[in-house]
Amino acid sequence: MAGKLFIISGSSGVGKGTVIKEFLNNAKSIYLSISSTTRMPREGEINGKNYFFITKEEFQRDIENNNFLEWAEFSGNMYGTNKNRVLEMLSQGKNVLLEIEVQGAKQIKQKIPEAVSIFILPPSKEELEKRLRNRGTETEEAIQRRLQAIEFEAKESDNYDYKVVNDIIANAVNEILKIYEENKE
Ligand code: 5GP
């Protein structure tokens, strides 16, 4: 039996990474797809674990060879889902999670309408603003940019099957686990 594809997207700075990690620790039989990217590894990131870090030329070749299920440019870097790996896991009956941004999610939904999409939202614009200010690491300009991005992403989230508000991490994780249990193969 074929597995099911799940997509999680979310604004940066809403604790998406933590929620996904906790979800994967608690959910059974779901595998995270490892994307390819042209961005430089951050400290502590491992090639083949967090991403496959490849050059722009390699990425371009992968596009030409139709190796991606979807790909998109985000913040000046390219990101793509490796098609064969995902299709192979699905054909083995494994459920697969894609942690991708909105343009990629759109492409997946067009190709695989039965994919289940989840968008993680910050509690509210006000709460996010408070968190960003309390963190004290961002300039005023950066804070305003983040807040604008949130408004844009809130609109995009209307195209998703589910929206999960990340107010309390444990609650958000439980909500996603419930969605997974209801939809998985
Ligand atoms: P980061 O550079 O912070 O790891 O990721 C930046 C954004 O790219 C995040 O929103 C992440 O979800 C998204 N992303 C990661 N991998 C892929 C991918 O394969 N395809 C698409 N479309 N987006 C991705």
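Residues numbered from 1 in each chain as written. Predicted model: local features only at pLDDT ≥ 70, side-chain atom pairs only at ≥ 80, totals over all residues. Heavy atoms only, no water.

A. Just the overall build of the protein chain, in detail. When helices and strands are tallied, the protein chain shows seven helices and nine strands. Whereas a compact globule of 185 residues would reach a radius of gyration of roughly 16 Å, the protein chain reaches 17 Å, a difference of no more than 12%. Along the three orthogonal principal directions, the C-alpha set of the protein chain runs to about 45 × 40 × 30 Å. Buried positions account for 43% of the 185 residues belonging to the protein chain. Counting contacts in the protein chain only where the partners sit at least 6 residues apart, residues at least 24 apart contribute 67% of the total. (Helix = DSSP H or I, 4+ residues; strand = E, 2+ residues; numbered from the N terminus. Rg over C-alpha atoms; globule rule 2.2 N^0.38 Å. Buried < 20%, exposed > 50% of the residue type's maximum accessible area, 1.4 Å probe, protein only. Contact = heavy atoms within 4.5 Å.)

B. Examining the sheet that holds strand β1 (residues 5–10) more closely. If you trace the five strands from one edge of the open sheet to the other, you get β2-β7-β1-β8-β9, paired in parallel fashion. Bordering the open sheet on either side are β2 (30–32) and β9 (162–165), each of which pairs with just one other strand. In this sheet, neighbouring strand axes are inclined to one another by 25° on average, regardless of whether the strands run parallel or antiparallel. Note that β1 and strand β7 (residues 95–99) share four bridges and pair parallel. Among the inter-strand pairings, I7 is bridged to a residue of β7, identified as L98. Contacts from helix α1 (residues 16–26) reach β1, β2, β7 and β8 (116–121), with the element oriented near 170° to β7. (Pairing = 2+ DSSP bridges. Axes fitted to C-alpha atoms, helices over the stretch in contact; angles between N-to-C directions.)

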